[in-house]
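Coordinate analysis (summary)
Spelled out, the chains give:
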Amino acid sequence: MADTDGVKESKQFYEDIPMETPGFFLRGSGSLDWGMKNRLSRVFNPQTGRTVMLAIDHGYFQGPTTGLERVDLNILPLEPQIDAWMLTRGILRTTVPPTTNKPVVLRASGGPSILKELSDEQIAVSMEDAVRVNAAAVAIQVFIGGQFETRSVHNMTRLVDEGLRCGIPVLAVTAVGKDMVRDAKYFRLACRICAELGAQFVKTYYVAEGFETITSSCPVPIVMAGGKKLPELDALTMAYNAVQQGAAGVDMGRNIFQSDAPTAMLAAVREVVHNNMKPADALDLYKTLKSEKGNE
Ligand code: R5P
């Protein structure tokens, strides 16, 4: 038996200080389990509640997209400035060093190429593999109003069920068909369906009219999709408006890696998202950084 005689009783129980039970910083995420909250806290900055994700997953349906021909040369140098990767497991395993400490949002749907009906997707990654590569979240396309709407929703709900088992959140990406109207009414519908059916966060496009009705009626965080390449000021203005109108950050691809100076553009986007920098000031920052050696 251990001899405890003479051991000084010096423990501190702080009986007069109640233990705090803090809430969670992300919209609609307070009831999630610890692992899922921890992963979301890697994707979203707990200080600002926002994220700057870099989307480079385009190759999964359209091959070597302009700017992504050589991810090793053109994209890896951007890593220090991003909050999270959004990419495929192919690019992850072949090209991204496992020493990266940036969280990975893993593209988990696929199937058709740009030559076919894009809504005809399947789940393309098992949750086991997402765990194996230490994914912080998985991303899946949802085609509301598309030809294979029901299947894409079912893909998402299956992934949500598997994600809940492992503590891996699902990012639902609202995909818009070529002939569909991109307005607030459509995106309210699409985002709300994704959240109602279990997605822990949603990626959607910005619309000039009524974007705040999309964010306010979606009970989980929304990240703004970048879309096709715009002039830098337009892209910075879009990101600014989105976060001011309730988005929890951005997931941008072409507007960063197809910019004349991707490093400078990413720095400007970060200021807009995390520090509410005005678009004109962010454009000045972009130009200044672009003119510096190494960023041109
Ligand atoms: C969009 O549906 C896909 O996820 C894309 O491959 C990518 O994320 C789009 O990024 P961006 O439109 O900003 O180039």
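So, how was this worked out
Residues numbered from 1 in each chain as written. Predicted model: local features only at pLDDT ≥ 70, side-chain atom pairs only at ≥ 80, totals over all residues. Heavy atoms only, no water. Helix = DSSP H or I, 4+ residues; strand = E, 2+ residues; numbered from the N terminus. Rg over C-alpha atoms; globule rule 2.2 N^0.38 Å. Buried < 20%, exposed > 50% of the residue type's maximum accessible area, 1.4 Å probe, protein only. Contact = heavy atoms within 4.5 Å. Salt bridge = Lys/Arg side-chain N within 4 Å of Asp/Glu carboxyl O. Pairing = 2+ DSSP bridges. Phe/Tyr/Trp six-rings, centres within 6.5 Å; stacked < 30°, edge-to-face > 60°. Core = buried A, V, L, I, M, F, W, Y, C linked by side-chain atoms within 4.5 Å. Near = heavy atom within 4 Å. Polar contact = N/O pair within 3.5 Å; in protein donor to acceptor, adjacent residues only side chain to side chain. Areas by Shrake-Rupley, 256 points an atom, 1.4 Å probe, with all protein chains shown as cover. 1 Å grid on protein atoms, 1.4 Å probe; cavity = no way out; pocket = protein on both sides within 12 Å on 5 of 7 lines; lining within 4 Å. Sits in = over half its atoms within 2 Å of the grid points. Nonpolar A, V, L, I, M, F, W, Y, C, P; charged D, E, K, R; others polar.

In terms of helices and strands, the protein carries twelve helices and ten strands. Its C-alpha radius of gyration of 21 Å places the protein within 12% of the 19 Å reference for a compact globule of 296 residues. Each principal axis of the C-alpha atoms in the protein carries an extent, and together these give about 80 × 50 × 40 Å. Sorting the 296 residues of the protein into buried and exposed places 49% on the buried side.

Time to look at the side chain of Thr65. Here Thr65 lies in the loop between α2 (59-62) and α3 (71-74). In this structure Thr65 touches His58, Gly59 and Gln258, once residues within four positions along its chain are discounted.

With respect to the secondary-structure elements, Val43 resides in helix α1 (residues 34-43). Among the residues examined, Val43 registers a relative accessible area of 0% and is labelled buried. In this structure, the C-alpha to C-alpha distance between Val43 and Pro112, residues 69 residues apart in sequence, is 28 Å. Dropping the residues within four chain positions of it, Val43 is found in contact with Thr51, Met53, Asp83, Ala84, Pro103, Val105, Ala136 and Phe201.

Further remarks concern the pattern of salt bridges. Evaluation of the coordinates by the stated rule reveals twelve salt bridges. In this structure, the salt-bridge partner of Asp129 is Arg89, at a minimum N-O distance of 2.8 Å. Of this pair, Asp129 sits in helix α5 (residues 127-132) while Arg89 sits in helix α4 (residues 89-95), and the two are 40 residues apart along the sequence. Here Asp129 falls in the buried class, since its relative accessible area comes to 5%. One salt bridge connects Glu196 with Arg192, and the closest N-O pair in it is separated by 2.6 Å. Taken as a pair, Glu196 and Arg192 lie in helix α7 (residues 184-196) at a separation of four residues, close to a single helical turn. One connected set of salt bridges, linked through shared partners, spans Arg89, Arg93, Glu128, Asp129 and Arg132.

Burial along strand β10 (residues 249-252) is two-sided: the residues Gly249 and Asp251 and Val250 and Met252 are all buried. As judged from the four bridges shared by strand β1 (residues 51-55) and β10, these two strands associate in the parallel manner. Note on β10: the bridge partner recorded for Leu54 is Met252. Where strand β9 (residues 222-225) meets β10, two bridges bridge the pair, whose relative direction is parallel.

The next thing to look at is the packing of aromatic side chains. Given two aromatic rings, their pairing is described by the distance between the two centres and the angle made by the two planes. One pass over the structure, following the stated rule, counts six aromatic pairs. Seen from their ring centres, Phe24 and Phe25 are 4.8 Å apart, and the 50 degrees between their planes marks the pair as tilted. With relative accessibility at 23%, the residue Phe24 sits in the partly exposed group. Considering the side-chain rings of Phe44 and Phe201, the 5.4 Å spacing of their centres and the 75 degrees angle between planes classify their relative orientation as edge-to-face. With Phe44 in the loop between α1 and β1 and Phe201 in strand β8 (residues 201-204), this pair connects stretches of sequence that are 157 residues apart. The class of Phe44 is buried, set by a relative accessible area of 1%. By relative accessible area, Phe201 is classed as buried at 0%. Here the aromatic cluster, defined as three or more aromatic residues joined through ring pairs, consists of Tyr186, Phe187 and Tyr205.

A word on the nonpolar core. Ranked by internal contacts, the top residues of the largest apolar core, which has 74 residues, are Ile56, Ile75, Trp85, Leu106, Val138, Met156 and Val202. The biggest single contributor to this core is helix α11 (residues 262-275), with eight residues. Beyond its immediate stretch of four places on either side in the chain, Val202 contacts Leu171, Ala172, Thr174, Cys191, Cys194, Ala195, Cys218, Val220, Pro221, Ile222 and Val223. Residues Met86, Leu171, Phe201 and Ala248 belong to the second largest nonpolar core, which totals 17 residues.

In the vicinity of the ligand lie 14 residues, with His58, Gln141, Lys203, Gly253 and Arg254 positioned nearest. Taking His58, its side chain carries an N or O atom lying 2.6 Å from an oxygen atom of the ligand. Within the side chain of Gln141, one N or O atom sits 2.5 Å away from an oxygen atom of the ligand. The protein chains hide 96% of the 370 Å² of surface that the ligand would expose on its own. Of the pockets mapped on this structure, the ligand occupies the largest pocket. Here the residues of the shell around the ligand are counted per class, giving five nonpolar, five polar and four charged.

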